[in-house]
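Fold and geometry: a report
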Amino acid sequence: MEKKPLIYFLCTGNSCRSQIADGFLKALGSDKYEVKSAGLEAHGLNPRAVQVMNEAGVDISKNTSDVIDPDILNRTDYVITLCGHADEHCPVISNKNVTKWHWGFDDPAKATGTEDEIMHQFRTVRDSIKSRIEQFVQEGK
């Protein structure tokens, strides 16, 4: 069996954006890719991220919030950062064959306002990430 490319989604706390991207790529492309996510820190899985992903039919409730693992980082095929902080502070990748991309999305965990306004921001970011994941899967990379 051919080895699936390893995709490693990174953000600051591995609580929202990288978890959403992880969930969508596992749901839409697990036949093609091995998928992992992590953060510069582990802030725990954001319950609102779990909720909006459930609304989209993807269960990420069993995901864990993990810190970047250097071993995984250096055997990955694609490192995709989802926030500027992770992009700027990503550890050095010794694997010269890795493709590193930055897909910047606003942090829904920083949304303010009423609960409806905050959830609207989570849904907006979720839908933007889903569109980008669909494009990634469709292009086969």
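Residues numbered from 1 in each chain as written. Predicted model: local features only at pLDDT ≥ 70, side-chain atom pairs only at ≥ 80, totals over all residues. Heavy atoms only, no water.

You'll find the chain entered in an unreviewed UniProt entry as Arsenate reductase, with Paenibacillus foliorum given as the organism.

What follows deals with the nonpolar core. Among the nonpolar cores identified, the biggest contains 31 residues, and Phe9, Leu25 and Ile133 are the most heavily contacted of them. Taken together, the elements giving at least two residues each to this core come down to β1 (6-11), α1 (17-29), α2 (47-55), β3 (78-81) and α5 (115-139). Element by element, the count of residues in this core is highest for α5, at 8 residues. When sequence neighbours within four positions are dropped, the list of residues in contact with Phe9 reads Ser18, Ala21, Asp22, Leu25, Val35, Lys36, Ser37, Ala38, Ile80, Leu82, Trp103 and Ile133. (Core = buried A, V, L, I, M, F, W, Y, C linked by side-chain atoms within 4.5 Å. Buried < 20%, exposed > 50% of the residue type's maximum accessible area, 1.4 Å probe, protein only. Helix = DSSP H or I, 4+ residues; strand = E, 2+ residues; numbered from the N terminus. Contact = heavy atoms within 4.5 Å.)

Further remarks concern the state of the cysteines. On inspection of all chains with the given rule, the structure shows 0 disulfides. Cysteine Cys16 is unpaired, with the sulfur of Cys11 as its nearest cysteine sulfur at 7.4 Å. For Cys83, which is in no disulfide, the shortest distance to another cysteine sulfur is to Cys11 and amounts to 5.4 Å. Residue classification places Cys83 among the buried positions, given a relative accessible area of 5%. (Disulfide = S-S within 2.5 Å.)

Of the residues in the chain, 97% have a pLDDT of 70 or more, and the chain-wide mean is 91. Across the chain, the secondary-structure element scoring lowest on mean pLDDT is helix α4 (residues 84-89), at 76, and the one scoring highest is α2, at 98. (pLDDT = per-residue confidence, 0-100.)

This part is about the pairing of β1. Of all 6 residues making up β1, 6 are buried, and the element is well covered by its neighbours. By the alternation rule, side chains of β1 split into Leu6, Tyr8 and Leu10 and Ile7, Phe9 and Cys11, which are all buried. In terms of handedness, the path from β1 via α1 over to strand β2 (residues 34-39) forms a crossover that is right-handed. (Right-handed = clockwise from strand over helix to strand, strands pointing away.)

Turning our eyes to something else, we now look at the sheet that holds β1. Spatial strand order, β2-β1-β3-β4: 4 strands in an open sheet with parallel pairing. Each having just a single partner strand, β2 and β4 (99-102) make up the two edges of the open sheet. This sheet shows a mean twist of 20° between the axes of neighbouring strands, independent of strand direction. Contacts between α1 and the sheet are confined to β1 and β2, with β2 contributing the most and set at about 175° to the helix. (Pairing = 2+ DSSP bridges. Axes fitted to C-alpha atoms, helices over the stretch in contact; angles between N-to-C directions.)

A few words now on the environment of Val52. Residue placement: Val52 occurs in helix α2. On a C-alpha basis, the gap between Val52 and Ser94 in space is 36 Å, while along the polypeptide they are 42 residues apart. Setting aside anything within four residues of it in sequence, one finds Val52 in contact with Met119, Phe122, Arg123 and Arg126.

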